[in-house]
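The residues making up each chain are set out below.
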Amino acid sequence: MSSSDTTAVTVRSPRRALGWGFFLSELGVLFRRRRTQAMLGALAAVPILIAVAIRVTGGDGRGPAFLDRISQNGLFVGMTALVVSIPLFLPLTVGVVAGDSIAGEASTGTLRYLLVSPVGRIRLLVVKFASAVVFCLAATLTVSLAGILAGAVLFPIGPVTLLSGDTVDVGEALLRALLISVYVALGLLGLAAIGLFISTLTDAPVGAMAATVVVAILSQVLGQLSQTELLHPFLPSYHWLDFADLLRQPIDWSSFAGNAWLQLAYVAIFGALSYARFATKDVLS
């Protein structure tokens, strides 16, 4: 191969990293990590444990939403598991992924090598956030699908009576379950953007992860206090449990839209802050 051919290969290879190849490579790294697989496994265990507990004990109807309906219809296992996972388990896993996004690369010394190639800081931030978005969806789908499978194995499956009193067949019920998973994943995007910003502030990934989880907990605590009622609509967790509107006939999309606008505002604000910080970050020190 001539020197000119060698040069051509050297130039084309980093350019390919600028497109979908770089994003898919980042996803591959994220989901091949044992930590990520362990977190998804732990999330899948939540609905399985709920289903087994109800099957063994029969349940007394006390507990999270939809718990009393599981024994009549296993499709409610996934919905109950999401209600259980939203306050802590899902924010915890998202906090780990988002908090590690930049700080993890900095702590291992790979950040400077990523930026040596013509990836660019904006593109790197976008890819890291997009990977966190994919993880948010994967996490909620893991809880929902594991719940549906566990429910199908341990309980009868049939038409679902919605909160509005209407009954839908299994196919539409599964579609509603998918919409709820998307809704919950959408509600976690603001937290992912906050975690990305915190990750640009430090080279210690554990600290960034912990701080992101603390933000999620504080948001929920403030949301329970009447003294902070004026702040409630602006908290990232405000719409987390409002997916009940997707279980009505017809579907009320107002909470979905409110959730989307709130999370997009957080993404815009903390995305801009992330870039402002990362653009001046010294990656060589």
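Quick notes on the rules
- Residues numbered from 1 in each chain as written.
- Predicted model: local features only at pLDDT ≥ 70, side-chain atom pairs only at ≥ 80, totals over all residues.
- Heavy atoms only, no water.
- Helix = DSSP H or I, 4+ residues; strand = E, 2+ residues; numbered from the N terminus.
- Buried < 20%, exposed > 50% of the residue type's maximum accessible area, 1.4 Å probe, protein only.
- Contact = heavy atoms within 4.5 Å.
- Core = buried A, V, L, I, M, F, W, Y, C linked by side-chain atoms within 4.5 Å.
- Salt bridge = Lys/Arg side-chain N within 4 Å of Asp/Glu carboxyl O.
- Phe/Tyr/Trp six-rings, centres within 6.5 Å; stacked < 30°, edge-to-face > 60°.
- Lys NZ or Arg CZ within 6 Å of the ring centre and 35° of its normal.

Chemist: Can you break down the overall build of the protein chain residue by residue, with the values?
Modeler: When its secondary structure is counted, the protein chain shows 11 helices and two strands. Listed N to C, the secondary structure of the protein chain is α-α-α-α-α-α-α-β-β-α-α-α-α in terms of helices and strands. For the protein chain, the proportion of its 285 residues judged to be buried stands at 45%. Counted over contacts in the protein chain with a minimum sequence separation of 6, partners at least 24 positions apart contribute 78%.

Chemist: Report on the nonpolar core, specifying residues and quantitative values.
Modeler: Membership of the largest hydrophobic core comes to 73 residues, with the highest contact counts inside it found for Ile-70, Leu-90, Phe-135, Ile-180, Val-184 and Phe-243. Top contributing element to this core by residue count: helix α7 (residues 121-154), with 11 residues. For Phe-135, the contacting residues outside a window of four places in its chain are Leu-30, Phe-31, Thr-36, Met-39, Leu-40, Thr-93, Val-94 and Val-97.

Chemist: Would you mind going over the pattern of salt bridges in detail, with residue names and values included?
Modeler: Using the criterion set out here, one finds six salt bridges in the structure. Residues Asp-100 and Arg-33 are paired through a salt bridge, measuring 3.2 Å at the closest nitrogen-oxygen approach. In this pair, Asp-100 is assigned in helix α5 (residues 89-108) and Arg-33 in the loop between α2 (20-32) and α3 (34-57), connecting sequence segments 67 residues apart. By relative accessible area, which is 8% here, Asp-100 ends up buried. Looking at Arg-33, the relative accessible area reads 28%, which means it is partly exposed.

Chemist: Quick one: what's the story with the packing of aromatic side chains, residue by residue and with numbers?
Modeler: A full pass over the atoms with the stated rule returns eight aromatic pairs. Measuring from centroid to centroid gives 5.8 Å for Trp-20 and Phe-23, while their planes differ by 65 degrees, and the two rings are edge-to-face. With Trp-20 and Phe-23 both in helix α2, this residue pair falls three residues apart, about one helical turn. Put simply, the rings of Phe-66, Phe-76 and Phe-243 pair up and form one aromatic cluster. For Arg-121, the ring lying beneath its charged end belongs to Phe-278, and the centroid distance is 5.5 Å.

Chemist: Mind laying out unusual backbone geometry, listing which residues take part and the relevant values?
Modeler: Here the residue pair Gln-249 and Pro-250 is connected by a cis peptide bond, since its omega of 0 degrees sits within 30 degrees of zero. For Pro-250, the location among the structural elements is in the loop between α10 (205-224) and α11 (254-278).

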